[in-house]
Amino acid sequence: MNDKGINNLSIQTRVEELNDFALLHKYFGNLAFKAIQKNNFYSGFTIGMERITILLKEDNFNIEAFQSNPIEGVRKFIHGYFADRGGNMPDIWIEGNTVYLETKICKNCLTIEAEKLAEQCHEDVCAIYCRTFAKGIVSVLEDFFPEIVINFYNVSSRRDGKESDCREAFQILSPKRTENPK
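**Points about the packing of aromatic side chains**
Then, in step 1: Applying the stated rule across the entire model yields nine aromatic pairs.
Then, in step 2: Seen in terms of ring centroids, F61 and F145 are 6.1 Å apart; in terms of plane orientation they differ by 40°. Their pairing is tilted. Of this pair, F61 sits in the loop between α2 (31-57) and α3 (63-68) while F145 sits in the loop between α6 (125-144) and β3 (149-156), placing them 84 residues apart in sequence.
Then, in step 3: On the accessibility criterion, F61 (14% relative accessible area) is buried.
Then, in step 4: Ring geometry for F152 against F170: centres 4.9 Å apart, planes inclined by 55°, an arrangement best described as tilted. Linking F152 in strand β3 with F170 in strand β4 (residues 166-173), this pair joins segments that are 18 residues apart in sequence.
Then, in step 5: Among the aromatic residues, those joined into a ring-pair cluster are F41, Y42 and F45.
Then, in step 6: We note R51 situated over the ring of F77; from NZ or CZ to the ring centre the distance is 5.4 Å.

Written as structure tokens, this is what we have:
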């Protein structure tokens, strides 16, 4: 597996990757961002595949339970990824049929720290780097459970200002469930 992406918590690896992004941008301009976005989506998808495979081998993934409550299933899947990875643990919660993932300003963001050391970074790097990686991880669930659709979107970002939290939303649409039970 590729040792890059937000799964790797090494600041040096992150800096090298951002420098690679800068090199691609230097030669291809904004076209590079589409390729970088695809790369990070598929990197996340690979991690999601590995995660679901490991859970199945360990008999820790209940397909029926996921199908009966895909909202909670997505929350558990995302939470489990970050818990297993270690490092920065975002807050993860459910409101209605949406799972939120939020990194507070008080928690260290490795990408922002790496940007301080990298040669040059485009201000949209978080959107193509971290967000597409997270979207890729969860997209695995849509492939194995075609009855659900996961709309992924950014709610807020540190790019909005120094005091902003990063908040992502995963809206789960399913003919079986549209809201999380109380």
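**A few points about the packing of helix α1 (residues 11-28) against α2**
Then, in step 1: Direction vectors running N to C along α1 and α2 enclose 145°, while the axes themselves pass 8 Å from each other. The interaxial crossing formed by α1 with α2 has right-handed handedness. Here E17, F21, L24, H25 and F28 of α1 come into contact with α2, specifically with L31, A32, F33, I36 and N40.
Then, in step 2: A class-by-class count of the residues in the contact of α1 with α2 yields seven nonpolar, two polar and one charged.

**Topic: the environment of Y100**
Then, in step 1: Inspection of the secondary structure puts Y100 in strand β2 (residues 98-103).
Then, in step 2: Residue class for Y100 comes out buried when judged on its relative accessible area of 13%.
Then, in step 3: Counting along the chain gives 53 residues from Y100 to Y153, while the straight-line C-alpha distance between them is 9.9 Å.
Then, in step 4: Setting aside chain neighbours within four positions, we find Y100 in contact with D91, I92, W93, E95, Y153, V155, R167, E168 and A169.

**Looking at the pattern of salt bridges**
Then, in step 1: Summed over all chains, the structure comprises four salt bridges.
Then, in step 2: Between R51 and D84 there is a salt bridge, and its shortest N-O distance comes to 2.7 Å. Here the residue R51 occupies a position in helix α2, and D84 occupies one in helix α4 (residues 70-85), the gap between them amounting to 33 residues.
Then, in step 3: In this structure, E72 engages R75 in a salt bridge whose closest nitrogen and oxygen atoms are separated by 2.7 Å. Placement of both E72 and R75 in helix α4 is noted, with a separation of three residues, approximately one turn of the helix.
Then, in step 4: Its relative accessible area of 22% is what places E72 among the partly exposed residues.

Reading the values: the criteria
Residues numbered from 1 in each chain as written. Predicted model: local features only at pLDDT ≥ 70, side-chain atom pairs only at ≥ 80, totals over all residues. Heavy atoms only, no water. Phe/Tyr/Trp six-rings, centres within 6.5 Å; stacked < 30°, edge-to-face > 60°. Helix = DSSP H or I, 4+ residues; strand = E, 2+ residues; numbered from the N terminus. Buried < 20%, exposed > 50% of the residue type's maximum accessible area, 1.4 Å probe, protein only. Lys NZ or Arg CZ within 6 Å of the ring centre and 35° of its normal. Axes fitted to C-alpha atoms, helices over the stretch in contact; angles between N-to-C directions. Left-handed = near helix turned anticlockwise from the far one by under 90°. Contact = heavy atoms within 4.5 Å. Nonpolar A, V, L, I, M, F, W, Y, C, P; charged D, E, K, R; others polar. Salt bridge = Lys/Arg side-chain N within 4 Å of Asp/Glu carboxyl O.

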